[in-house]
Amino acid sequence: MSLKDAALLVRENAYAPYSNFKVGAAIRSASGVIYSGCNVENVAYPEGTCAEAGAIAAMVAAGEQELTEIYVVASSPQPVPPCGGCRQKLAEFGKREVKVTLASVEGAEMETTIGDLLPGAFGASHME
Ligand code: THU
């Protein structure tokens, strides 16, 4: 299955009764496996989690810690970009040059990279 198909499929399972904005994310790990995640909202709004966070959690739970590509999709007039928090989460597990495809269910796609999404990222080197 393609990264796009995995993201579209998992998006169907999103739990988004408050925003009605379903998001799907699929990441390819260094071993080539695809992990996917959807947003999971909560009546206590800040407790909700993003699709990207779910996909990363699935990868880490499976024993992998490096992502090499990610695809994010929602139904939106424009391709959907990861929120600020998710940009930091992606930077934790992917190199700057990792390809990020932002997409809409309607078919629009935009390619960028983790580095371009989060210039000047805070990283482990800052704590040395
Ligand atoms: N959301 C994601 O899951 N990923 C994004 O990249 C953008 C936003 C979710 C969070 C919330 O459940 C809903 O979309 C509306 O913000």
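Refer to the structure above for everything that follows.
Caption draft 1: Representation of the environment of Glu128 within the structure. The residue Glu128 is located in the segment after α4 (114–117) in this model. Residue classification places Glu128 among the exposed residues on the basis of a relative accessible area of 84%. Sequence spacing of Glu128 and Val10 is 118 residues, and the spatial spacing of their C-alpha atoms is 38 Å.

Caption draft 2: Local environment of the packing of aromatic side chains. Per the counting criterion, the structure on display carries one aromatic pair. Ring geometry for Tyr18 against Tyr45: centres 5.6 Å apart, planes inclined by 40 degrees, an arrangement best described as tilted. Pair noted here: Tyr18 is in the loop between α1 (3–11) and β1 (23–29) and Tyr45 is in the loop between β2 (34–38) and α2 (51–61), with a separation of 27 residues, a long-range link. By relative accessible area, which is 38% here, Tyr18 ends up partly exposed. The class of Tyr45 is exposed, set by a relative accessible area of 59%.

The rules we used
Residues numbered from 1 in each chain as written. Predicted model: local features only at pLDDT ≥ 70, side-chain atom pairs only at ≥ 80, totals over all residues. Heavy atoms only, no water. Helix = DSSP H or I, 4+ residues; strand = E, 2+ residues; numbered from the N terminus. Buried < 20%, exposed > 50% of the residue type's maximum accessible area, 1.4 Å probe, protein only. Phe/Tyr/Trp six-rings, centres within 6.5 Å; stacked < 30°, edge-to-face > 60°.

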